[in-house]
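# Topology and contacts: notes
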Amino acid sequence: MKRKSLILLMSGILIIGVATGFGYANSKSNKDTVVSKVNIEKKLWKNDSQLKNNNNKNYKDMIKTMKKNGYENVADYMKNNDYKAMDEFMNNMTDEDYKNMIDIMKNSGYEDMARMMESVDKDTMIQMHNAMGGAEGCHGDSSNMMGSF
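A quick note: this is a predicted structure, and the numbers were derived from the prediction, not measured.

## Let's talk about the nonpolar core
If you look at the biggest cluster of nonpolar residues, it comprises 27 residues, and the most contacted ones within it are Met66, Met78, Met105, Met117 and Met125. Where this core is concerned, the elements lending two or more residues are helix H3 (57-68), helix H4 (72-79), helix H5 (83-91), helix H6 (95-107), helix H7 (111-118) and helix H8 (122-131). It is H6 that contributes the most residues to this core, five residues altogether. Those residues in contact with Met117 that sit more than four places away from it in its chain are Tyr98, Met101, Ile102, Met105 and Met125.

Next up, the structure:
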């Protein structure tokens, strides 16, 4: 009798273990949910802007904001998709320009962008910008990180 009970108990444990193993094996892999700074920024930009092309109202508002705040040349670069000039501006930006850009973003309804820019210093932002393919990688077609920004 003891032996029969022990065999039933072991069989039950084994069945539960196998069922649990199959259930665990079929669960979603966590590889897709790796959190990185770039992934966070992609989500932030995607939720903040949802821009598709130069005809987008938000894109036009951004260009107007840049012009209104003394960055006519940068606004023209954006409008004309002049990625080389945008990269040159970005790579030669002063600390004062960077701080001013953050203030402009805060005062123009782009608080999420301003917070992201405040979270890193100018040199780190330039490195990230260049690592993502520069202006064309960030501001090119709608399949990139920032839509058309």
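Don't stop here, the text continues.
## Focus on the packing of aromatic side chains
A full pass over the atoms with the stated rule returns one aromatic pair. Plain terms: the ring middles of Tyr71 and Phe89 are 6.1 Å apart, the flat faces sit at 75° to each other, and that makes the pair edge-to-face. In this pair, Tyr71 is assigned in the loop between H3 and H4 and Phe89 in helix H5, connecting sequence segments 18 residues apart. Neither residue differs from the other here; Tyr71 and Phe89 are each classed as buried.

## Side note on the packing of H3 against H4
Here H3 crosses H4 at 155°, and the two axes come no closer than 7 Å. On the basis of their axis angle, the class for H3 and H4 is roughly antiparallel. In the crossing of H3 with H4, the sense of the turn from one axis to the other is left-handed. Contacts between H3 and H4 involve Tyr59, Met62, Ile63, Met66 and Lys67 from the first element and Glu72, Val74, Ala75, Asp76, Met78 and Lys79 from the second.

## Looking at the environment of Met113
Following the sequence through the fold, Met113 ends up in helix H7. Classification of Met113 by relative accessible area gives buried; the value is 6%. C-alpha of Met113 to C-alpha of Ile102: the two residues are 11 residues apart in sequence and 8.0 Å apart in space.

## Structural notes on the pattern of salt bridges
What the rule picks out here adds up to six salt bridges. The partner of Lys67 in a salt bridge is Asp76, with the nearest N and O atoms 3.9 Å apart. Ionic pairing is found between Asp95 and Lys122, a salt bridge with its closest N-O pair at 3.6 Å. Of this pair, Asp95 sits in helix H6 while Lys122 is found in helix H8, placing the two residues 27 residues apart along the sequence. Residue Lys122 is classed as buried on the basis of its relative accessible area, which comes to 15%. Several salt bridges share partner residues, and in doing so they unite Asp95, Lys122 and Asp123 into one network.

## Remarks on unusual backbone geometry
The residue Asn81 is not glycine, and still its phi comes out positive at about 50°. With relative accessibility at 30%, the residue Asn81 sits in the partly exposed group.

## What to know about a nonpolar patch on the surface
A grouping of Leu6, Leu9, Met10 and Ile13 is seen on the molecular surface, where their side chains present a nonpolar patch of about 420 Å² in accessible area. Along the chain, Leu6 falls in helix H1 (residues 2-25). According to the relative accessible area criterion, Leu6 is exposed, its value standing at 52%.

Each value, and the rule that gives it
Residues numbered from 1 in each chain as written. Predicted model: local features only at pLDDT ≥ 70, side-chain atom pairs only at ≥ 80, totals over all residues. Heavy atoms only, no water. Core = buried A, V, L, I, M, F, W, Y, C linked by side-chain atoms within 4.5 Å. Buried < 20%, exposed > 50% of the residue type's maximum accessible area, 1.4 Å probe, protein only. Helix = DSSP H or I, 4+ residues; strand = E, 2+ residues; numbered from the N terminus. Contact = heavy atoms within 4.5 Å. Phe/Tyr/Trp six-rings, centres within 6.5 Å; stacked < 30°, edge-to-face > 60°. Axes fitted to C-alpha atoms, helices over the stretch in contact; angles between N-to-C directions. Parallel < 35°, antiparallel > 145°, perpendicular 65-115°, else oblique. Left-handed = near helix turned anticlockwise from the far one by under 90°. Salt bridge = Lys/Arg side-chain N within 4 Å of Asp/Glu carboxyl O. Patch = residues over 30% accessible without salt bridge, like charges linked within 9 Å, V, L, I, M, F, W, Y side chains within 5 Å. Areas by Shrake-Rupley, 256 points an atom, 1.4 Å probe, with all protein chains shown as cover.

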